[in-house]
Amino acid sequence: MTVLTTGGRLPSRGKNGSRFAPECCLDGMSKGDILECRWGFVEKSGCAVAVLTGRFLRSLDAKFRLALPKPHRDALGCQPGNTVFVTLGLDGCLAVYGADAFHGFAARVRHASPTQADVRAFTRLFFSLSEECEIDRQGRIRLPAALLDEVGVESEVVVIGAMDHLEIWGKRRWEQYWQRNRAEYERVAEAALRSGDSV
């Protein structure tokens, strides 16, 4: 099995202060292997903002502990004793936010009008389902059983980077989602980028 890797270290900064690493890949895959690994940093308002990317196959242990991929821990600046926020994601997954991203998201929700029924419902559901989880010395977090029940996650999961947060998918559900949407990639990319241009 050939491995192309940066050795788990963040790459050197470029002239503009941004950091990028080359793609890492494995010819084969087993539990805990990296499926894809890319990460980068972009500059925003004078500080580096992590862009979370890549796909990793992981297994939960009997206590529902998940080892966060090292590139994701590095990008988030997570150390043992730090915390992340785990909550219900969309399309049948769990979402994991670093503290800065979570509080930034909360600020966006805070500015929405509380007189709208959808805003009140989302606020209640999202924050009541969010839990702060501590990272242990082995880079693991213990996923709340109630959240795992919500999405039906089994022992094998796929952890993906989704720009400003991570998503945790049951392996079978991710494979179904991938097969269902991969063929539509060009179409949804055009629609998403067109929508972004109009904002």
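Residues numbered from 1 in each chain as written. Predicted model: local features only at pLDDT ≥ 70, side-chain atom pairs only at ≥ 80, totals over all residues. Heavy atoms only, no water.

A. Quick peek at the environment of Asn 82. Here Asn 82 shows up in the loop between α1 (70–76) and β8 (83–88). Sequence separation between Asn 82 and Cys 133 is 51 residues; the distance between their C-alpha atoms is 8.5 Å. Filtering out sequence-adjacent residues up to four positions away, Asn 82 remains in contact with Gly 77, Cys 133, Glu 134 and Ile 135. A distance of 2.7 Å separates the side chain of Asn 82 from the backbone nitrogen of Gln 79, its partner in a polar contact. (Helix = DSSP H or I, 4+ residues; strand = E, 2+ residues; numbered from the N terminus. Contact = heavy atoms within 4.5 Å. Polar contact = N/O pair within 3.5 Å; in protein donor to acceptor, adjacent residues only side chain to side chain.)

B. Layout of the pairing of β8. The pairing of β8 with strand β10 (residues 131–134) spans 4 bridges and is classified as antiparallel. Looking at β10, one finds that Val 84 is bridged to Cys 133. Of the pairings in the sheet, the one linking β8 to strand β9 (residues 94–98) comprises 5 bridges and is antiparallel in character. Directly across from Leu 88, in β9, lies its bridge partner Leu 94. Counting the residues between successive antiparallel strands, the hairpin from β8 to β9 contains 5 residues, one of them, Asp 91, with a positive phi of roughly 65°. (Pairing = 2+ DSSP bridges.)

C. Just unusual backbone geometry, in detail. One non-glycine residue, Phe 64, lies in positive phi territory at about 65°. By the secondary structure assignment, Phe 64 is in the loop between β6 (55–59) and β7 (65–67). The exposure class of Phe 64 is partly exposed, given its relative accessible area of 35%. Positive phi, close to 65°, is recorded for Asp 91, a residue that is not glycine. (Buried < 20%, exposed > 50% of the residue type's maximum accessible area, 1.4 Å probe, protein only.)

D. Structural detail: the pairing of strand β12 (residues 156–161). Most of β12 is tucked away, with 5 of its 6 residues classed as buried. Taking the residues between adjacent antiparallel strands as the criterion, β12 and strand β13 (residues 166–170) are bridged by 4 residues, where Met 163 takes a positive phi near 75°.

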